[in-house]
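Notes for the structure review
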Amino acid sequence: FIKFLAVIIFIFISRSALGLSVTYLIEAFAVVFISFFFLKKYAPFKFNKKIFRQYFGYSLPFFIIYPFSYIQGNIDSVLLKNFWNTTAVGYYSAAIGLAAFVKTLYGVLLTLFFPKMSEIYATGKQIDKVQDYTNMASKYLLMIFLPLIFCLHIFREEFIGVILGKQFLPSINIFSLSLLGILVL
């Protein structure tokens, strides 16, 4: 609802790219403000320093990996625009977009395990149990995605030809390397 309202305001106030950017920025701040308001009103909580340290220690690898993952997904296209023509950047962006879809699917399936992780921690079990469950979830996801990525690699020409069209076949090598990047990160 807030995004819809922000876009309507944008239409009436400004019709430039800067205006749209400012509208989305204001909308994001509004969502954060309203979320904190409802959190404080309907779900009051007390800050626990010990739990904060445990969660922070557990989530620290995600704080480190996420920025690198974001940089990997975005900075390359910007740099390529300076060194290659737009056709090459288009092939690259298309292949990266397909690989990003697989990476996003992996992340979505990983979030299915989060409620159980919270339940294990809430029952008073140690962080070691949460870590064991996380390792088990990662193994199951790897059992699903390793064959998927292998099949996508083997049939990459057919996959790109069907999804993007034959004109994007020069992006096959980029797609293969992107799939390898998913396994590493």
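Residues numbered from 1 in each chain as written. Predicted model: local features only at pLDDT ≥ 70, side-chain atom pairs only at ≥ 80, totals over all residues. Heavy atoms only, no water.

1. Quick notes on the packing of aromatic side chains
Evaluated as defined, the whole model comprises 5 aromatic pairs. Between the aromatic rings of Y91 and F168, the centroid separation amounts to 5.9 Å while the plane-to-plane angle is 85°, which identifies the pairing as edge-to-face. Residue Y91 is located in helix α4 (residues 86–111), and its partner F168 is located in the loop between α7 (156–163) and α8 (172–184); the two are separated by 77 residues in the primary sequence. Among the residues examined, F168 registers a relative accessible area of 22% and is labelled partly exposed. Measuring from ring centre to ring centre gives 6.0 Å for F113 and Y133, while their planes differ by 65°; the resulting arrangement is edge-to-face. (Phe/Tyr/Trp six-rings, centres within 6.5 Å; stacked < 30°, edge-to-face > 60°. Helix = DSSP H or I, 4+ residues; strand = E, 2+ residues; numbered from the N terminus. Buried < 20%, exposed > 50% of the residue type's maximum accessible area, 1.4 Å probe, protein only.)

2. Focus on the pattern of salt bridges
For the structure on display, the rule yields 1 salt bridge. The residue E119 makes a salt bridge to K116 at a minimum N-O spacing of 3.7 Å. Here E119 and its partner K116 are both found in helix α5 (residues 114–122), 3 residues apart, which amounts to about one turn of the helix. Note on E119: relative accessible area 44%, which makes it partly exposed. Its relative accessible area of 36% is what places K116 among the partly exposed residues. (Salt bridge = Lys/Arg side-chain N within 4 Å of Asp/Glu carboxyl O.)

3. A short note on the environment of L79
The residue L79 is located in helix α3 (residues 49–83) in this model. Here L79 falls in the partly exposed class, since its relative accessible area comes to 45%. Residues L79 and V89, spaced 10 residues apart in sequence, show a C-alpha to C-alpha distance of 9.6 Å.

4. Focus: the nonpolar core
Ranked by internal contacts, the top residues of the largest apolar core, which has 22 residues, are V102, F113, M117, V130, F175, L179 and I182. Counting residues per element, the ones that place at least two in this core are α4, α5, α6 (127–154) and α8. Ranked by residues supplied to this core, first place goes to α6 with 7 residues. (Core = buried A, V, L, I, M, F, W, Y, C linked by side-chain atoms within 4.5 Å.)

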